[in-house]
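Descriptive analysis of the structure
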Amino acid sequence: ASVSLKSTGTMIKRTILAATAVAAASFADAATTVAVMEFGKGGTVRRTNSANSSSSVSGVASFWSSMHSSNRGLQYAGMNVVPDLFNKADSGVIVGLMGSGLDLASMPTVSSIVQGEGQGVIGQMEIKGEKGAALLKKAPTKASSTGNLSSVEAKDGAQAFKVDVDDLNAAKVDAQVDALVKSLQKQAESSGKTVVLHLVVEEEEGAARRRALARRLNEDEESGEEGEEDEEGEEEGQSAYYGYGYWNNGVWVTNYKTIFQIQYFNVVLWTSIGLVVILGYSTYLMVYMPLMADTLLFGESAKMMGE
C-alpha cells in the first residue's frame, strides 16, 4: 500500500511539474550548455560528485583559465567539472554553436553530446540565457569564425571557434561536429597527447525547456524507483547497499572519495608537513647558532677601555 501511495505521489508531482513548465513557456529563458569532452591519454579533467550543473559565465571562464592558461587561476567552487591538479591537457578546442532558433532535435550528434551520451563526454555546465557570445569573449584565446569544423586540427594551447547555425545549415553543422569529434580523437590517439573539446551550445527557448523538463521527469522517475526498491528491501529485511554505497531516502551515500578529493588532501597534507619541517629546522639552526663577537662593536669597546 505504501508503495502504491508513493507511486501516486510521484505521478502527481510529475503532472504538477509538467503543468508548471507549460505555464512558464511564455517567459522562460533560453539556455547555454557547455559540454566537456576528453580524448587521448586522458586524466586532465574530471567530473565531481556535485549534482548541480548550473554555472555562470565567470564560472566557466575560471574553469577554462585553470584548464588551458599558462598561469592557472582559481576555479569557482562547487562546479561539477574540474581540471586535474597534476595533469594538464596538451590542447583545448572551444567551439561555440550560436544562432537564432537552434533546436537540437535536428542535430542528433550535438544533442547526444549535450545530454552526456557521446563517447568521451566528461560533463556539462548549464547557464541560463543566451551566453554563447559572452563565453567566447572569456575564452583563453580570441575566437575566430569558421564554416568548416571538420578541418580544425588540435594544436598546443587553446583555440576558440564560432559557428553560426540556422535551420538551413543545422544538419551540415551537426555532421561537421561529428567529423570534428572523430578527427580530434584520432589525432589525440596517434600523438599520445590529451585533447579537450568544449562545445558551447545555445538552444532555443522551447527546445531548452523541453530537454530540461524531460531530464527532470526522468530523474524524478528514477528517484521514485530507487525509493521503492529501498522500501521493498527494508520490508524484506534486506540491505539497501548497491556497489560502493547505499541509498538513504533517495540519496546516494558513499564513504569513498573522488580522485580530486584524494589529490587535494595529499597536496594540503604534504605541503603542511613540509612547512612544519622547514620551520622546525630553521628554529633549530637559530637556537644552536654559534655566537661570534661583533668585530665593529668589539673594536669600539676595546678602544674605550684603552682610553
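Residues numbered from 1 in each chain as written. Predicted model: local features only at pLDDT ≥ 70, side-chain atom pairs only at ≥ 80, totals over all residues. Heavy atoms only, no water.

Here's the deal with the overall build of the protein chain
The cut-off we apply is this: Where helices and strands are cited, they refer to DSSP runs of H or I of at least four residues and of E of at least two residues respectively, numbered from the N terminus. Any two residues whose heavy atoms approach within 4.5 Å at even a single point are treated as in contact. The accessible surface values rely on the Shrake-Rupley method and a 1.4 Å probe; as for residues, cover is taken only from the protein chains in view.
For the protein chain, the helix and strand inventory stands at eight helices and 11 strands. Taking the intrachain contacts of the protein chain between residues at least 6 apart in sequence as the baseline, contacts between residues at least 24 apart amount to 77%. Within the structure as shown, the protein chain displays about 18500 Å² of accessible surface, and the carbon and sulfur contribution to it stands at 56%.

Observations concerning the nonpolar core
Operational definition: In this description, a nonpolar core means a group of buried Ala, Val, Leu, Ile, Met, Phe, Trp, Tyr and Cys residues linked to one another through side-chain atoms lying within 4.5 Å. For every residue, the accessible area (1.4 Å probe, protein chains only) is compared with the maximum for its type, and the residue is labelled buried under 20%, exposed over 50%, or partly exposed between those bounds.
With 28 residues, the main nonpolar core has L97, V110, V177, L197 and L199 as its most contacted residues. For this core, the secondary-structure elements that each account for two or more residues are β1 (31–40), β4 (91–98), α3 (108–114), β7 (157–164), α5 (170–191) and β8 (194–203). Sorting elements by how many residues they give to this core places α5 first, with seven residues. Not counting residues up to four positions away in its chain, the partners in contact with V177 are L97, T109, V110, I113, L149 and L199. The next biggest cluster of nonpolar side chains, apart from the first, holds 21 residues, and it includes V60, W64, M125 and A139.

A closer look at the pattern of salt bridges
Quick reminder of the rule: One side-chain nitrogen of Lys or Arg within 4 Å of one carboxyl oxygen of Asp or Glu is enough to make a salt bridge.
What the rule picks out here adds up to three salt bridges. Across the salt bridge formed by D84 and R46, the nearest N and O atoms sit 3.0 Å from each other. Here D84 is found in the loop between β3 (81–83) and β4, whereas its partner R46 is found in strand β2 (residues 45–47), with 38 residues between them in sequence. Assessed through its relative accessible area of 1%, D84 is described here as buried.

Thoughts on the layout of surface pockets
To be explicit about the condition: Residues are said to line a cavity or pocket when one of their atoms sits within 4 Å of a point; the points come from a 1 Å grid over protein atoms alone, cavities being sets where a 1.4 Å probe fits but cannot get out and pockets being open sets with protein on both sides within 12 Å along at least five of seven lines. Grid points are joined across faces, edges and corners, and a volume is the space filled by probe spheres set on the points. Throughout, the ten residues Ala, Val, Leu, Ile, Met, Phe, Trp, Tyr, Cys and Pro are labelled nonpolar, Asp, Glu, Lys and Arg are labelled charged, and all others, Gly among them, are labelled polar.
Considering only enclosed or pocket space, the second largest pocket measures out at about 370 Å³ in volume. In terms of lining, the second largest pocket is formed by 17 residues, of which the most central are Q75, V82, P83, L85 and F260. Elements that contribute at least two residues to the lining of the second largest pocket include exactly β3 and α7 (259–287). The biggest single contributor to the lining of the second largest pocket is α7, with three residues. Of the residues belonging to the lining of the second largest pocket, the class tally is seven nonpolar, eight polar and two charged.

Examining the confidence of the model for the protein chain
Close reading of the predicted structure is inappropriate where its pLDDT is low. Put simply, the rule reads: Confidence of the predictor at the level of single residues is captured by pLDDT, which takes values from 0 to 100.
Within the protein chain, residue pLDDT values average 77, and 67% of them lie at 70 or more. By mean pLDDT, the top-scoring element of the protein chain is α7 (92), and the lowest-scoring one is strand β9 (residues 241–242) (40). Within the model, pLDDT remains below 50 along residues 21–28, and this stretch shows seven contacts once partners closer than five positions in the same chain are excluded. Low pLDDT, under 50, characterises residues 233–243; the stretch is placed with 10 contacts to residues that sit more than four places away or in other chains.

Regarding the side chain of T48
The topology assignment puts T48 in the loop between β2 and α2 (57–68). Of the residues examined, T48 reaches a relative accessible area of 17% and is grouped as buried. When residues no more than four places from it in sequence are discounted, the contact partners of T48 are M79, N80 and V82.

Topic: the packing of aromatic side chains
Test applied: Only centres within 6.5 Å qualify two rings of Phe, Tyr or Trp (six-membered ring in Trp) as a pair; their planes then separate them into stacked at under 30 degrees, edge-to-face at over 60, and tilted for everything else.
What the rule picks out here adds up to two aromatic pairs. Note on F260 and Y264: the rings are 6.4 Å apart at their centroids and 20° apart in plane angle, and the pair reads as stacked. Taken together, the positions of F260 and Y264, both in helix α7 and four residues apart, correspond to about one turn of that helix. The class for F260 is partly exposed, based on a relative accessible area of 26%. Ring geometry for Y284 against Y288: centres 5.0 Å apart, planes inclined by 45°, an arrangement best described as tilted. Judged by its relative accessible area of 47%, Y284 falls in the partly exposed class. A relative accessible area of 59% places Y288 in the exposed class.

Some words on the sheet that holds β4
Convention followed: For two strands to count as paired, DSSP must find a minimum of two bridges between them. In this description, a line fitted to the C-alpha atoms serves as the axis of each element, helices being fitted only across the stretch in contact, and the angle between N-to-C directions of two axes falls anywhere from 0 to 180 degrees.
Pairing in this open sheet of six strands is mixed, and the strands run β5-β1-β8-β4-β7-β6 from one edge to the other. Pairing within the sheet leaves two strands with one partner each, and these edge strands are β5 (121–128) and β6 (144–145). Looking at chain direction, β1 and β8 are connected through 10 bridges and run antiparallel. Residue pairing across strands places T33 opposite V201, the latter belonging to β8. Lying on the sheet, α2 is in contact with β1, β4, β5, β7 and β8; it crosses β8 at an angle near 165°.

Points about the pairing of β4
In regular strands, side chains alternate between the two faces of the sheet. For β4, a buried count of eight out of eight residues is recorded, marking the element as mostly surrounded by other parts of the structure. Taking every second residue as pointing to the same face, both faces of β4 are buried, with S91, V93, V95 and L97 on one and G92, I94, G96 and M98 on the other. Strand direction decides the pairing type here: β4 and β7, joined by eight bridges, are parallel. The residue of β7 that forms the bridge with V93 is Q159. Sheet topology places β4 next to β8; seven bridges connect them, and they run parallel. In the sheet register, G92 faces β8, and the bridge partner there is V196.

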